[in-house]
Amino acid sequence: YSLLAMDYLRKSQATEADFARAAGKNYLCGSRNPFAHIRNAYSEDEILQSPVVGWPLRRLEFCSMSSGAGAFVLASEKKARELTHSPIWIKGIAAATNNYLGSWDQLSSQKALKTAAKKCYQMAGIEDPGQDLDFMEIFNPFSAYELIAYEALGICPEGKGCDLLREGRTYPDGNLPVNLSGGSICTNGPNSSGLFRVIQSLMLLSNEGLGEQPDNLRRGLVHDGDVGIGAIGGDSHAVMILEREG
């Protein structure tokens with residue numbers, strides 16, 4: 001994680017303060033989410049003052065482990081219409097994995113995530129994700145990765161993820177809120193985190209259970225990944241587009 005963060009500092013105009021800002025945004029959202037396991041709205045200063053784990057990342061910029069459970073129901077179109085007047089549809093879904101014996105270039109460029117996102121957008125008919133989506137729930141096991149994911153998911157040019165954050169566009173009151181749940185940093189990093197983010201997205205689309213949130217959310221992106229094993233073993237990513245009818 002620290003190597004990826006260092007690489008991003010080198011390739012962009014991001015600073016350590018931007019990483020703290022990304023984490024602080026997630027903690028703010030997590031503090032409003034009754035299902036988050038960390039509900040402290042840590043400030044950027046508190047994050048920057050937390051111990052360095054592996055430069056340039058600090059303790060409050062990593063996700064923590066937690067235990068929990070979750071479930072959701074998949075149904076046919078016919079059955080879904082019998083069960084509810086406002087079904088939520090899977091409009092696109094795709095996954096991709098880098099080579100098993102991959103390379104630093106594949107990992108640092110997030111090739112697999114870019115591939116999964118492109119295929120998912122094609123299935124869902126998304127031409128401009130920055131404009132066509134109402135929110136995103138993405139895998140962000142460490143603060144810098146959120147900025148990296150912005151670029152890989154195509155919502156800003158490469159090297160401009162920090163600008164998106166600085167402008168406030170991915171905050172709860174921005175035009176494309178990211179991780180209204182609090183993200184991996186406030187919820188859960190590995191294992192069932194993709195399932196958790198799907199459930200949180202369903203709740204956002206149904207306008208229930210997550211406290212303060214923007215009105216009229218209709219279409220959102222859910223992302224899960226595994227970047228912990230690094231280039232050796234291949235990192236994998238999956239992207240899904242969910243859309244509320246009506």
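That block above? That's the structure.
Model, not experiment: these values are computed from the prediction.

**Quick look at the side chain of Asn-140**
Part 1 of the argument: With respect to the helices and strands, the residue Asn-140 is situated in the loop between strand E4 (135–137) and helix H8 (143–152).
Part 2 of the argument: Looking at Asn-140, its side chain comes within polar contact range of the side chain of Asn-26, at 3.1 Å.
Part 3 of the argument: Side-chain polar atoms of Asn-140 contact the side chain of Glu-146, separated by 3.1 Å.

**So, the environment of Ile-148**
Part 1 of the argument: When you line up the elements, Ile-148 lands in helix H8.
Part 2 of the argument: The spacing of Ile-148 and Leu-4 is 144 residues in sequence and 8.9 Å in space, taken between C-alpha atoms.
Part 3 of the argument: Not counting residues within four places of it along the chain, the set of residues in contact with Ile-148 comprises Leu-4, Tyr-8 and Gln-110.

**Quick word on the pairing of strand E6 (residues 236–244)**
Part 1 of the argument: Within E6, seven of the nine residues are buried, leaving the element largely enclosed by the surrounding structure.
Part 2 of the argument: Bridge count between strand E3 (residues 88–97) and E6: nine bridges; the pairing is antiparallel. Residue pairing in the sheet places Ile-90 in a bridge with Leu-242 of E6.
Part 3 of the argument: The pairing of strand E5 (residues 219–226) with E6 spans eight bridges and is antiparallel. Looking across to E6, one finds that Arg-219 is bridged to Glu-243.

**Focus: the side chain of Arg-197**
Part 1 of the argument: Counting through the fold element by element, Arg-197 comes out in helix H11 (residues 193–206).
Part 2 of the argument: Arg-197 sits in the buried class, given a relative accessible area of 0%.
Part 3 of the argument: Only 3.2 Å separates the side chain of Arg-197 from the side chain of Ser-184, close enough to count as a polar contact.
Part 4 of the argument: With residues up to four places along the chain from it excluded, the contact list for Arg-197 reads Glu-137, Ile-138, Phe-139, Ser-184, Asn-188, Val-222, His-223 and Asp-224.

**Observations concerning the packing of helix H6 (residues 111–124) against H8**
Two quantities define a packed helix pair, namely the angle between the helix axes and the distance between the axes.
Part 1 of the argument: Running from amino to carboxyl end, H6 crosses H8 at an angle of 45°, the nearest separation of the two axes being 9 Å. When the axes of H6 and H8 are compared, the pair comes out oblique. For the crossing formed where H6 meets H8, the hand is right-handed. Taken together, the residues of H8 that come into contact with H6 (itself represented by Leu-113, Lys-114 and Ala-117) are Tyr-145, Ala-149 and Ala-152.

**A look at the pattern of salt bridges**
Part 1 of the argument: According to the stated counting rule, one finds 16 salt bridges in the structure shown.
Part 2 of the argument: Between Glu-16 and Arg-58 there is a salt bridge; the shortest N-O distance is 2.9 Å. Taken together, the residues span a long stretch of sequence, with Glu-16 in helix H2 (residues 16–30) and Arg-58 in strand E2 (residues 57–58) at a distance of 42 residues.
Part 3 of the argument: By relative accessible area, which is 12% here, Arg-58 ends up buried.
Part 4 of the argument: Between Lys-114 and Glu-158 there is a salt bridge, with its nearest N and O atoms 2.7 Å apart. On the criterion of sequence distance, the pair formed by Lys-114 in helix H6 and Glu-158 in the loop between H8 and helix H9 (161–166) is long-range, its members being 44 residues apart.
Part 5 of the argument: Under the relative-accessibility criterion, Lys-114 is labelled partly exposed at 27%.
Part 6 of the argument: The exposure class assigned to Glu-158 is exposed, which follows from its relative accessible area of 57%.
Part 7 of the argument: Linked by salt bridges that have partners in common, Asp-18, Arg-21, Glu-44, Lys-160, Asp-163 and Arg-166 make up one network.

**Things to note about the sheet that holds E6**
Strand pairing in a sheet relies on backbone hydrogen bonds, with the paired strands running either antiparallel or parallel.
Part 1 of the argument: In space, the four strands of this open sheet follow the order E3-E6-E5-E4, with mixed pairing throughout. Each end of this open sheet is capped by a strand with a single partner; those strands are E3 and E4. Strand after strand, the sheet turns through a mean of 15° between neighbouring axes, direction not considered.
Part 2 of the argument: Sheet strands in contact with H11 are E3, E4, E5 and E6, and its direction is about 170° off that of E5.

**Side note on the packing of helix H1 (residues 2–11) against H8**
Part 1 of the argument: Two elements in contact, H1 and H8, have axes separated by 9 Å at closest approach and are oriented at 60°. Classified by the angle their axes make, H1 and H8 are oblique. Judged by the sense of rotation from one axis to the other, the crossing of H1 with H8 is left-handed. Taken together, the residues of H8 that come into contact with H1 (itself represented by Leu-4, Ala-5 and Tyr-8) are Ala-144, Leu-147, Ile-148 and Glu-151.
Part 2 of the argument: Here the residues of the contact of H1 with H8 are counted per class, giving six nonpolar, no polar and one charged.

Analysis parameters
Residues numbered from 1 in each chain as written. Predicted model: local features only at pLDDT ≥ 70, side-chain atom pairs only at ≥ 80, totals over all residues. Heavy atoms only, no water. Helix = DSSP H or I, 4+ residues; strand = E, 2+ residues; numbered from the N terminus. Polar contact = N/O pair within 3.5 Å; in protein donor to acceptor, adjacent residues only side chain to side chain. Contact = heavy atoms within 4.5 Å. Buried < 20%, exposed > 50% of the residue type's maximum accessible area, 1.4 Å probe, protein only. Pairing = 2+ DSSP bridges. Axes fitted to C-alpha atoms, helices over the stretch in contact; angles between N-to-C directions. Parallel < 35°, antiparallel > 145°, perpendicular 65-115°, else oblique. Left-handed = near helix turned anticlockwise from the far one by under 90°. Salt bridge = Lys/Arg side-chain N within 4 Å of Asp/Glu carboxyl O. Nonpolar A, V, L, I, M, F, W, Y, C, P; charged D, E, K, R; others polar.

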